[in-house]
Each structure stands twice: as structure tokens, then as C-alpha cells.
Amino acid sequence: MMWKRRRTLVVAASTAAALLLAGCSASDGGGAEGGASGDAVQLSYWLWDSNQQPGYQQCVDAFTVENPNIQVEITQYGWDDYWTTLTTGLVSGGGPDVFISHLNRYPELYTKGQILPIDDIVESGAADLSIYREGLADLWVGQDGKRYGLPKDFDTIAIFADQAMLDDAGITAEQLNSMAWNPDDGGTYEEVIAHLTVDANGVRGDEAGFDKSNVAVYGLGLNSSGGPSGQTEWAQYAFSNGWQHSDTNPWGESFNFGDPEFVETIAWFQSLAAKGYMPTLQIASSGIGQADAYGAGKYAMVTEGSWNTKTYFALDGVTTTIAPVPEGPNGQRASMFNGLADNIAANTKHPEEAKKLVAFLGSKTCEDITAAQGIAFPAVVSSLDISLKAFADQGIDTAAFQVPIDEGSTYLAPVANNWTEITAIMTPAMDAIMSLTADPESLVAANEQVNALFGN
Amino acid sequence: MTHTVAPPSVAARGSRRFAMRRETRAALLFVAPAALGFSVFTLLPAIRGVYYSFTDFDVFQPAKLIGTGNYERLFADAVFWNALKVTLEYVVINIGFQTVFALGVAVLMHRLTQSMLVRGIILAPYLIANVVVALVWFWILDYQIGIGNEFLAWLGVGRQPFFGDQNLAIPTIAMVNVWRHLGYTALLLFAGLQTIPKELYEAAAIDGASEWKMFWRVTMPLLRPVLALVLIVSIIGSFQTFDTVAVTTQGGPVNATRVIYYYIYDLAFNRYDFGYASAMSVALFVLLAGVSLLQLRMTRANQSDLS
Amino acid sequence: MSAKVPGGGMPVTALVPAPAQSSARLPSADVASNDRRRRRQSRLGRAAAWAVMILLMLVTLFPFYWMLRTSLSTNGALAVNSSNLLPAEFSVNGWKRVFGLATPEEALADGGSGASLNFWIYLRNSLVVATVTTVVQTFFSALAAYAFARLRWPGRDAVFFLFLTALMVPPIFTILPNFILIRDLGLLNTYLGIVLPGLLMAPFSVFFLRQFFLGIPRELEEAAKLDGAGYPRVFFRIIVPMSVAPISTLAILTYIGSWNDYFWPLLVGKAENVRVLTVALGVFRSQTPQGSPDWAGLMAATFVSAVPILILFAVLGRRVINSIGFTGLK
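Described below are features of the structure shown in this document. (Residues numbered from 1 in each chain as written. Chains lettered and ligands numbered in written order. Predicted model: local features only at pLDDT ≥ 70, side-chain atom pairs only at ≥ 80, totals over all residues. Heavy atoms only, no water.)

**Structural notes on the environment of L182 of chain B**
Topologically, L182 of chain B is positioned in helix α7 (residues 166-194). Considered as a pair, L182 of chain B and L103 of chain B are 79 residues apart in the sequence and their alpha carbons are 9.4 Å apart. Residues within four places of L182 of chain B in sequence aside, it is in contact with Q98, F101, A102 and V105 of chain B together with L56 of chain C. (Helix = DSSP H or I, 4+ residues; strand = E, 2+ residues; numbered from the N terminus. Contact = heavy atoms within 4.5 Å.)

**A look at a positive patch on the surface**
A contiguous patch of positive charge on the surface is contributed by R21, R22 and R25 of chain B together with R218 and K225 of chain C. Among the elements that line the positive patch, the one with the most residues is helix α1 (residues 10-52) of chain B, at 3 residues. Classification of R25 of chain B as exposed rests on a relative accessible area of 56%. (Patch = residues over 30% accessible without salt bridge, like charges linked within 9 Å, V, L, I, M, F, W, Y side chains within 5 Å. Areas by Shrake-Rupley, 256 points an atom, 1.4 Å probe, with all protein chains shown as cover. Salt bridge = Lys/Arg side-chain N within 4 Å of Asp/Glu carboxyl O. Lys, Arg positive; Asp, Glu negative; His and termini not counted. Charge placed at Lys NZ, Arg CZ, Asp CG, Glu CD. Buried < 20%, exposed > 50% of the residue type's maximum accessible area, 1.4 Å probe, protein only.)

**What to know about the state of the cysteines**
Residue and element names in this part refer to chain A. Evaluation of the coordinates by the stated rule reveals 1 disulfide over all chains. Paired through a disulfide, C59 and C366 show a sulfur-sulfur distance of 1.9 Å. Disulfide C59-C366: torsion about the S-S bond near 130°, hence right-handed. Of this pair, C59 sits in helix α2 (residues 53-66) while C366 sits in helix α15 (residues 364-371), placing them 307 residues apart in sequence. On the basis of relative accessible area, C366 is assigned to the buried category, the value being 0%. (Disulfide = S-S within 2.5 Å.)

**Here we look at the interface of chain B and chain C**
The interface is formed by 110 residues belonging to chain B together with 103 residues belonging to chain C. Counting each side, the surface lost to burial between chain B and chain C is near 9900 Å², with a carbon and sulfur contribution of 78%. Three residues, F30, F41 and W139 of chain B, lead the burial of chain B against chain C; their summed loss comes to 9% of the area buried on that side. Taken together, chain B and chain C are joined by 1 salt bridge. (Buried area = accessible area lost by both parts, 1.4 Å probe.)

**A look at the pattern of salt bridges**
As a working rule, side chains carrying opposite charge can pair if their charged atoms are close by. On inspection of all chains with the given rule, the structure shows 16 salt bridges over all chains. Residue E407 of chain A is joined to R333 of chain A by a salt bridge in which the shortest nitrogen-to-oxygen separation is 2.8 Å. One end of the pair, E407 of chain A, is in the loop between α17 (399-406) and β13 (410-412); the other, R333 of chain A, is in the loop between β9 (320-323) and β10 (335-337), with 74 residues separating them in the sequence. The class for E407 of chain A is partly exposed, based on a relative accessible area of 41%. The partner of D266 of chain B in a salt bridge is R258 of chain B, and the shortest N-O contact between them spans 2.9 Å.

Dropping the structure here:
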């Protein structure tokens, strides 16, 4: 019996050793492999939006047809996970070769030397900057004067409204498309929101006896507090009130979160929640997201980005109408204007191949392909028609997203250093305000903290 | 083992020394792997951790010594003190409810049934990963469509934004973990209860003692050593909660669930601030060392009583 | 809680009055009515106790049922049928997504992520990590525990005390430097990187086994040594067979702990080929568009990742439950 025990132990130990060895050999860094250029090279490409993955898969397939010795593998990590996983990947050397990047994040990456400049792609003629929409390409030039990405797409903000609820409330298309707001009483915008809000007893928000503690349908939904950016939440109102995030953009170092124009905008935004027309942050962030809540009939309208259009139109049982953002005190129907690009990781083992991929991804060919998916608007101007047709084929009229562009009231997304630090300050501050546990005046103190990051 | 007092003869001393050397050699062989593991993965990192806490280290570039800058920043950091407060709140709620409930369940099992099935069912949540438990409860307590809130609405209590409200978030997370650990703790206490001789209960019953009185006069005093052990071990574990927060609230809303562990992770992997994160880990270590010293003091006292 | 606690050594009779004194003779009628009252009380009490017990088991089991119910629904119907106890629009698509059987288009249409979830790979990874950790760690910890318990060597007590302090060190303190170390060794995203820190020993395992070894009677060892057996032979032929119970207890607990570990594998093993189930769940949760989770798929995934341990539990049930008792009473 004792022999058996000893033998089982030995067997167990050797199994373990075998497993270990097997494990070691079976795993690899996940990064690029391959020998000298000319042999097959495998590139790793990361993105966060799973909606866009099929389009990019087609793109890289087309790329491989043109470059048979370069294989591209796409990996998707959700937004919540994306940046921490990327950090680990960059730190370990097992990260991507190319990855979709964001204006808020790339400054930190290039100041830490984690991404490669791509000026040589432009200089060699592999990329032509003139095909892009004006203003997008330069957003990706760092303060050091080097270019780090080619624009892929652009997006603006508009309002998604539940057509059935609009009809019930008797709100006409003309009303919807000509809303105006101001920070004092909310204007016709707030009137529409109030009228669309219905409490559990069927009383509307602008009728007597409205019970704001028992709301069945909110006139306006809430996604999050918006943090420092407020891209889909409140930026459009603030811009049309004559405010911008910082003194200059990009590379602002003096922020304006304490300015009266901003404080009164947020005060009005908070008042919507206080009046029961919009959920407080607790309610909005306690489980399902804005799109699902809208689909379940809890929200009548939401302000959303164009990249989410397909998600909303895919909801069962809801017919959605897109309306432009309301006109603000300065007469503008303003919207934040943002665009993504691909960055190359500095520790890639195949910089030349990676640059080829980036050039292709930023080319008209690829952007035509992704535009045909009908998810995002391409940065290449001549590809826009394809995307509009793709949307139209799905029965989606995206004219409302074009309004700020046509009227010249787009404002670039903020690009600045120390963005994660700014987020760490502004998100709790905005969270507190939208939870109705802090006054908008608290923004003044938060702004001082933000400016202190830049030595102001 | 006693040592002889009288000096042994030369030959005897030689053989004993040989025996001792053989013993020592065997011992060193036996201990070597564990000692290696300890030095490389516990001792060395601890020393390195202390070193990093005095540096500015963003992981991509080499660390730069900055003296006590991180610690000064720590003392002035409102979010850190908030994290301590949040963690303490969590520990108190979690351990408080868990211990009381577990005690109740253990006594219930002891008096009612020895069934393996019951014990198995009660233990089941413990076998599931924290992450899984967190996700399931996140779904059940969803404000709009979670069955938990539907039930509350049906009861007339009204829906609660469990994970979204600053005041409710940490208690919710604490109770979710109570659900998970209740079975394990109850079984531990149950095992302790089984060492109490039945005769004591019978004697007390003959005297007309009620269940309540039997509990306080017989059960509690004899259970105290096990209870103490369970408490201390649970507390240490409770201080280090991370999984649930990471998967549900990510430190929000408004830092209401930013427990220390999560804050350290956020600093290191989101904000690239390894130096500061290390300083905070040192602070946590000091705190836990204090609690652990309490543990050592108590288990040593118990050992002398039991043996 | 004071440091001085009345331990089990305290004489019990001090707490409960000696039976002999109070079994005074009562009139028989009173005895009968007393009995009846006590029986009624105890029956009510028992009923109440059982009610509480059943309630407890319901609360314990309901989330498992809810996992199942949600996984067998479609995402779209979930929002509408939130209070229905049965699956909302029965469908196995969630399970298909988890096992990677659904095409990306199907997945996206149902509200899931287009990315595939390679359940079998994650399961394999969890198995490898948990098994290797358990086997190797328990083995080396047992060796060390024996050295501390039975062998005499210079510095033994000092080293043991040092090991004990490792019990006090919170994992976070060593995790960050260990991450850097694993990175510098080039072991990020490998199995070795994931298991290495805990591979060679765990302070609790050493401590636990040492306590047990201390309690083994010495005569058998003495006899073997007189027969000329060396220490390794004594260990493998005598100590280990006698310690099957605590060793397997420890192995089970280590296995469960390793299977459910999240933080360390999250840092070190995010790449698909080494991702364990817990990390995969976290990734899956945040993978769907715009942060609105694919609940049906997610619940199917959570159920699936819990099943292996539940199976282990069903098979080894008695031992697991009894092993909990062991850890409580050193």
C-alpha cells in the first residue's frame, strides 16, 4: 500500500511537470511572430467596438489579399477593459502591433514613448492627408510635432426619439426638429422633455399632479455623468452656451469647468433630474445601459453618438426617429466632433508591416468597406456617400447628424495631457452632481484641481 | 526532546554530529523548494515593493527615486482616506452580518439536522468564484429589470438603485459577499459546535433551560475559540475585497465603492502610477499587520487553553 | 474582544448547574404538563427553525436558478418579461454564444458581442492552472511542513516564523512587484507566469500540515529509522499515508481557491490562450457594445464556469464538507 502511495505521488508530480512543460510550449506572447520581412508575418490588431469588428475583418482580409505575407488577427476587448489590457500588453510586450486609439488617450501614450510616429507614411506618399475631412488629421499630431495616426471616422451627436411616444404626446416632427434650450428655463426643449415624461399614474411631466418619485417613462435618458468630456451627455448644451473645455484645443492647459456658462449649463442639466424628467445617476447606472432602457420603453428620448445608431435601430419593438440637437443661446446647434485613428505600438516587432497596415486602414479602400457597414461615418470625404447609403438601406435617415457639420457648429473633442488624472478628478465631481448629492458650484473647486495638474 | 547534560564520549559525539548533519541535510532538502518560493515570490517582492514606494515609476520607463514624496501624497490624498473608510465600512457590515448569520445557521443545523444535502446546499455559493457571484447579483438587483427589484416593487417597498446609489452600493456589495461566504463560515462554526459534548445539552435540558439559555451558557463559551479564529480570518480576507467591485461598480459611484485594493489596482494599471500604488500597498500592509498581530495574540492564547 | 478567552479547558460544570442537585422530585401532574408544554414549545420552535432553514436554502439556491433561467432567454425579451419566473422567450442562443457555436452575425443580432467566446480553451486553462498549482504546491508544502514538524536543524524556528509572517502579508503588496518580476522574466501571458508565485509553497499550507504532522505519534518513525530508513523514505512511506485526510483536504481547498482566483490571472494572463474562466467572464462582461451586457450569454457563461467545481463537489461532496471542519479545528 505504501508503494502505491509513493507511486501515485511520483505520477502526480510528473504529470504536473508534463503539464507545465506543455503549458509553456503551448502559450505564446500573443504578439507578432515570424522571421525577417518577406516571410509570413502575423500582426495583432485590437479594437473595442464589437459592432465594427465585422467591417474591419473585411478590411484586413482585403489587406491580406494585397499583402499575402502579412496576416492580421483581430482581437476585441470591451471598452471597460480595453485600456488596462492595453497597458499590460504594452508593458509585457505581448500587446497588439496596431490598435484603435482614442483622442483622450493617445497623448499619454506618445509622451511615454509607447506609440510610433507615422510621418514617414505620409511623406512616402502611402497616405494622402487631403482625402480626409478638414480638421481631423491634425488632431493626431502631438505637441512634439509628430503625427501618430490617420483618421478613420468621425462622429457627432443627435437625439434619438421613440416615435410611438412622440405620437402619443402629440409632438410633431416640426416641433422636434426646431427645439431650442437655454440654461434658465430650458426653453422648448425642456417643454418637450416634460411633456414626454409620464409617471406611473399616466400624468405627464408638465401636468398637475405629476409624481416625480414614481416615473414610468423619462422624457430624456441619461448614460452617465459625462466625466470631463460629456460627449453624449451635456457637451452640446455647453458648447451652444458659448463654453469650451479649455482655453485652447488641442493641448489646452487651462480648463474652464468653473466658468459660469458651464456651471449654469450643468445646473440646468441637474435640474432635469431633480424635476423627474431625467433619471438621477443612481437610477441610470444601476444595471442595464441607456440603449436597453430605451428599448424597454423607460426613456422617450436620448442624446447619443452616431456610432451607436445601429444599436438603437436594432431594438425590437421601437421605432426611432433621429432629430438634431436643440439650438442654444448662441444660436448654434452644437455638437462634439470626434474621430478615431489607429496607433502603432512602439514595441512592435514588425514596424514596417504595421505601417503598411495603418496606411491601408486609413485609405479610401478600407474606409469604403467600413462605411458600407453603416455604423460610423468615414473620415474620408468621398466615402461618406457609401455610408449614408448604407444607413438609408437600413431605413435610417442620418441627416440630423449632419446638421452641426453643415451649420459649422462642431467643436473638437478635447485633447490634452494628463487626461486620466483629469478624469479621476472630474468623474466623481460630475457623478456627485448628477446624483443630486452635490451642487454645481462644486465644479469651481474641481476645476482648480484640474488646473493644478498643469501647474496653474 | 531533551539534550543530555553530561558531555558524551568522543565516539558518541561524532556519531550524533553525523546524525545531526544528516538530519540537517535532509531538512534543507525538504525545505529548499518552499524556501525558494518564499524568498523569490514573497520576500523579494516585499522588499522591492517598499523600494518602489519611494520612486516614481510608470512601468514603461525605469523607476526614479523621489524619497518620501509618495507618502506625503498619501497623507494628503482625500480619495485614499475615503478608500480606507469605505473598506472599513465594508468590513464591518460584511463581517458583522456574516458572523451573526453564520452562527445562527450553524446552531440551526446543529439542532435540526445533520443532513449532508443541507450542508452541501449551504456550502454551494462558496464554491463559485467571486466574479460569478458578483455578476449574478448585479443582474438580480438591476434597477429596471432585475427580479430583486421587481420583488421589492411588488412588495410595495419600491425599487432601489442598489449599485448606483452612493449610500447603498457598499452595503450591497457587502451583503453579496455575505451570501457567498455564509455557508463556509457556518460550516466552520458547525464543526466547532460538534466538539461540544451532547451531555452538556442534555443536562441543561433536564434542568429546564430554554434553547436561548442553552445557547448563551453552553454553546457560546465553548465555541469562542473557533469563533475567534473564524472572525480574524474573515476580517483579513474581507479587507482585501476586489473581485466584486471590479466586476460591478469599478469604484463608483462617486468613489463610494473605491475600496483600497481597487484604488491600488486603478492607480497601477489605469494611471501608470506604480510608485504611488506601491506606497499605498505598504500602508495596507501595515494596517493588516496590525490586525494579524491581533490574530497571533489571540490564537496563541487559545492554543494554551486548548492543549 | 479581550486576549484572554475562556477556552475549552474550563470545567463545564461551572457553567451548568450539576444535574443531581436540581432533579428535585416534582408532583407527577406538574411533570406531565411541563412535558407537554415543553413538547409544544419545542414543536413550534422546530417548525419555526425549519421555516428559517427552508427560507435560507431558497435564498441560497435562487440565484443559481435565476442564472439558468436568464441564460435560456433572449436578451430582447428579458427587458420586457422581467418578473416572469420562467425563461423569457426560451432560447439556447446564449449557450451557443458561450460555446462559440454562434456566428458573429447571430451573436450581434441577439445583443451579444461579435467576438467568440472560446469556452473550451478557457476551461482547459483553468484546469491546467488549478491542477498544476494544487499538485505542486501541496507537494512542496508538505515537504517543508515535515521539515518544520519533525526534523531538527539550525534556524528552524526562525525560518518558520519568517514563513508565518508571509501569512500576514497581503497579496496586493507582493502582486505589483511580482508582476514586474514576471514581466522581466518574459513570462507574462504564459501558464508558468500565472502559476509561478504560488507554485512552490503557500504559508497556510505549510502551517496547516505542520500542525497535523506534529500530532502524528513518533513510534512509527522511530521504528523505521531504527530499521535504517532515511528521512525521505520515512516521509513517503509513513507520514504521507497517515496524512491522506489533511493532505487531500488541503488539496481540495487549494484547488477551489486556484480555480476561483481572479486578480492575479487578470494581470498576468489576459491573452486568449492562457485566459482562465474567471478572467474570461470579466472580459466577456465588458465586451458587448456600449457596455450593456449580453445578459443571456453572460449568465450562460457564469453557469458554465461554475459547473466544473459543482461537479467536483458532487463527486467529492462528503470530503469537501468534512474538510471544512478540519480547517476550523487545527
